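Examination of the molecular architecture
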Amino acid sequence: MLQQTIYEVRITYIGSLTGLREREPFVCYFSNLKKTVENLTAQLALNGWPLKINYTAVYRGLKMKNKYHCDFEVAGHKVFRISITPCVLNPVLTTLGIDEMPAYKK
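Let us look at the structure shown here. On a predicted model such as this, the values are computed, not experimentally measured, just so you know.

Unlike most non-glycine residues, asparagine 66 shows phi in positive territory, near 65°. On the secondary structure map, asparagine 66 appears in the loop between helix H2 (55-65) and strand E3 (68-74). With a relative accessible area of 49%, asparagine 66 lands in the partly exposed category. Its identity as a non-glycine residue notwithstanding, alanine 75 has a phi of 50°, on the positive side. Residue placement: alanine 75 occurs in the loop between E3 and strand E4 (77-89).

Right, here's the structure in full:
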């Protein structure tokens, strides 16, 4: 079975401003880390947010901690957090601790 690493990107709205506008976290998946970072930086730039994310920082965070996150704030108030975590697509299935059925003999 072929295993592949995909990257989960989760945008979570945090901080004191979430009371004003309640929102569910947004989750999407990418199969390529470079495309993940490119898409995030493009969306941040289009919406006027500072470009605090770069490929090297994300790659190092994933290698060291198996996760990466970055908080964004306005006037000292945190607004949202971007989290990137690797996930394994099609993991190897175990036997789940189930033994082979014994043969019944008459």
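Right, let's get into the environment of glycine 61. Residue placement: glycine 61 occurs in helix H2. The class of glycine 61 is buried, set by a relative accessible area of 10%. Expressed as a C-alpha distance, the spacing of glycine 61 and tyrosine 13, which sit 48 residues apart in the sequence, is 21 Å.

Following both chains from N to C, one finds helix H1 (residues 33-46) and H2 inclined at 130°, their axes separated by 10 Å at the closest point. One finds that H1 runs oblique with respect to H2. Seen from above, H1 lies across H2 with right-handed handedness. Every residue of H2 that contacts H1 at Leu33, Lys34 and Val37 is listed here: Tyr55, Val58, Tyr59 and Leu62. Looking at the contact of H1 with H2 residue by residue, the class counts come to 6 nonpolar, no polar and 1 charged.

The rules behind these values
Residues numbered from 1 in each chain as written. Predicted model: local features only at pLDDT ≥ 70, side-chain atom pairs only at ≥ 80, totals over all residues. Heavy atoms only, no water. Helix = DSSP H or I, 4+ residues; strand = E, 2+ residues; numbered from the N terminus. Buried < 20%, exposed > 50% of the residue type's maximum accessible area, 1.4 Å probe, protein only. Axes fitted to C-alpha atoms, helices over the stretch in contact; angles between N-to-C directions. Parallel < 35°, antiparallel > 145°, perpendicular 65-115°, else oblique. Left-handed = near helix turned anticlockwise from the far one by under 90°. Contact = heavy atoms within 4.5 Å. Nonpolar A, V, L, I, M, F, W, Y, C, P; charged D, E, K, R; others polar.

Keep in mind that these numbers describe shape and distance, not what the molecule does.
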